[in-house]
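# Structural characterization, general
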Amino acid sequence: MIAAISLMRRRPDLTVEQFRRHWLHPHGTMTAELPGVRHYVQHHPVDGPGTNAYAREIAIDGVPELWFDDYDQRRIAYTSPRMAECNIDSEQFVGSVTRIVSEPEVVIVAPALSQVKVLLLATGAPDARWAEAARDRSATLSGLIGYVGHRLIEQAKAPNSKIPELRLEIAGVAEATFASEADLIAAADALVGSGADAERTAVYRIQDYVPPFPR
């Protein structure tokens, strides 16, 4: 299984609300119709406990994630007529974007509809050690009920897209879900580690949406 993860900033002429509304529909509805998609989720950063100062500094407005069985299925999706339509529609709300391909590892399966969740983005050169350290740290946290790690394979400009590339090198990605907001707050410092890891790890409190998306 591979995951295509995009890090997006909104067009500067749009509010956060306008960006999110268009991303959900029509764009999300269109994307959900791509051939071969096994799992599609939109991670919407929200202003809430768990988001740290570094996340606010690098200012990611949205993170869609699509899973495919393999590279061939991803190629079929990305060369489909539906993707061509999605690329055109993206210009209506996305200001810049970079795309990551990873191998996702579901370490703990979170209960359905769990929403006390954070997305961790470590910046810098790809670093397998960060992914291992983040997973090991999270395993010790009280109240952790879901965890997905990502082994990064590549990062590049979104293929066949006219949207400017977001220049932000990513070293690691992970998703952590907690049983309660209190558990998340208590785990916040331990979640990012210490030293260099803490300085380069952005933590976003997120709201997840999966198809069918609200209109």
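Further up the page is the structure itself.
Position numbers for residues start from 1 in each chain and track the written sequence from start to end. With the structure being a predicted model, the display of local features is reserved for residues of pLDDT at least 70 and the display and counting of side-chain atom pairs for 80 or more, all residues being used for whole-chain, interface and lining totals. Only heavy atoms go into the side-chain values, all of them from the structure, while hydrogens and water stay out.

### Brief notes about the pattern of salt bridges
For salt bridges, the criterion is a side-chain nitrogen of Lys or Arg within 4 Å of an Asp or Glu carboxyl oxygen. If you walk through the whole model with that rule in mind, you get 19 salt bridges. Between aspartate 208 and lysine 117 there is a salt bridge, with its nearest N and O atoms 2.6 Å apart. Note that aspartate 208 is positioned in strand E8 (residues 201-209) and lysine 117 in strand E5 (residues 117-123), a separation of 91 residues in sequence. Note that arginine 137 and aspartate 197 form a salt bridge whose closest N and O atoms lie 3.4 Å from each other. Taken as a pair, arginine 137 in helix H5 (residues 128-139) and aspartate 197 in helix H7 (residues 195-200) lie far apart in primary sequence, 60 residues in all. Accessibility assignment for this pair places arginine 137 and aspartate 197 in one class, buried. In this structure, a network of salt bridges that share partners links the residues Asp127, Arg129, Arg137, Asp197 and Arg200. Helix numbering and strand numbering both begin at the N terminus, where a helix is a DSSP run of H or I of at least 4 residues and a strand a DSSP run of E of at least 2. Exposed residues in this analysis have more than 50% of their type's maximum accessible area, buried residues have under 20%, and partly exposed residues fall in between, with area computed by a 1.4 Å probe over protein chains only.

### What to know about the sheet that holds strand E1 (residues 2-10)
Note on pairing: two strands pair once DSSP finds at least 2 bridges between them. Taking strand neighbours around the barrel as the criterion, the eight strands line up as E1-E3-E2-E8-E5-E7-E6-E4 in a closed arrangement whose pairing is antiparallel. Going from strand to strand, the sheet's axes swing by 30° on average, the running direction of each strand aside. Pairing between E1 and strand E4 (residues 94-108): eight bridges, direction antiparallel. Within E4, the residue paired with isoleucine 5 across the bridge is isoleucine 100. Here an angle of 0 to 180 degrees is reported between the N-to-C directions of two axes, which are lines fitted to C-alpha atoms, with helices fitted over the stretch in contact.

### Some details on the environment of leucine 14
Looking at the element boundaries, leucine 14 is found in the loop between E1 and helix H1 (16-31). For leucine 14, a relative accessible area of 16% gives the class buried. Each C-alpha atom of the pair leucine 14 and glycine 195 lies 36 Å from the other, and the pair is 181 residues apart in sequence. Whether two residues touch is decided by their heavy atoms; if any such pair falls within 4.5 Å, the residues are in contact. Sequence-distant contacts of leucine 14, that is, excluding residues within four places in its chain, are made with Gln92 and Phe93.

### As for the packing of aromatic side chains
Centre distance within 6.5 Å is the pairing criterion for rings of Phe, Tyr and Trp, where only the six-membered ring of Trp is used; planes under 30 degrees apart are then read as stacked, over 60 as edge-to-face, and the remainder as tilted. Scanning the model with the defined rule gives four aromatic pairs in all. Considering the side-chain rings of phenylalanine 19 and tryptophan 23, the 5.7 Å spacing of their centres and the 45° angle between planes classify their relative orientation as tilted. Of this pair, phenylalanine 19 and tryptophan 23 both sit in helix H1, four residues apart, which is roughly one turn of that helix. The exposure classification of phenylalanine 19 matches that of tryptophan 23, with both residues buried. Ring plane angle 75° and centroid distance 6.1 Å describe the contact between phenylalanine 68 and tyrosine 78, whose orientation is recorded as edge-to-face. With phenylalanine 68 in strand E3 (residues 63-68) and tyrosine 78 in helix H3 (residues 71-78), this residue pair connects regions lying ten residues apart in the sequence. Across the pair, tyrosine 78 and phenylalanine 68 agree in class, each one buried.

### Points about the packing of H1 against helix H4 (residues 81-90)
Two elements in contact, H1 and H4, have axes separated by 9 Å at closest approach and are oriented at 165°. Taken together, the axes of H1 and H4 are roughly antiparallel relative to one another. At the point where H1 passes H4, the crossing takes the left-handed sense. Contacts between H1 and H4 involve His22, Pro26, His27, Met30 and Thr31 from the former and Arg82, Glu85, Cys86, Asp89 and Ser90 from the latter. Put simply, Ala, Val, Leu, Ile, Met, Phe, Trp, Tyr, Cys and Pro go in the nonpolar bin, Asp, Glu, Lys and Arg in the charged bin, and everything else, Gly too, in the polar bin. Grouping the constituent residues of the contact of H1 with H4 by class yields three nonpolar, four polar and three charged. Each angle receives one of four descriptions, namely roughly parallel if under 35 degrees, roughly antiparallel if over 145, roughly perpendicular if within 65 to 115, and oblique otherwise. Put simply, a crossing is left-handed when the front helix is turned counterclockwise from the back one by less than a right angle, and right-handed when it is turned clockwise.

### Topic: the nonpolar core
What is meant by a nonpolar core is a set of buried Ala, Val, Leu, Ile, Met, Phe, Trp, Tyr and Cys residues, joined one to another through side-chain atoms within 4.5 Å. One finds Met8, Trp23, Phe68, Tyr78, Phe93, Val94 and Val97 to be the most contacted residues of the largest nonpolar core, which totals 23 residues. Within the residue set of this core, elements represented by two or more residues are E1, H1, E3, H3, H4 and E4. At four residues, the largest contribution of residues to this core is made by H1. Residue contacts for phenylalanine 93: discarding those within four places in its chain leaves Met8, Arg10, Arg11, Leu14, Phe19, His22, Trp23 and His27. Judged by nonpolar contacts, the second largest core, of 21 residues, contains Leu7, Leu121, Val148 and Ala202.

### Comments concerning the environment of alanine 179
Structurally, alanine 179 is set in the loop between strand E7 (170-178) and helix H6 (181-192). Using a relative accessible area of 48% as the deciding quantity, one classes alanine 179 as partly exposed. The spacing of alanine 179 and asparagine 160 is 19 residues in sequence and 40 Å in space, taken between C-alpha atoms. Every residue in contact with alanine 179, bar those within four places of it in the chain, is listed here: Gly143 and Ile145.

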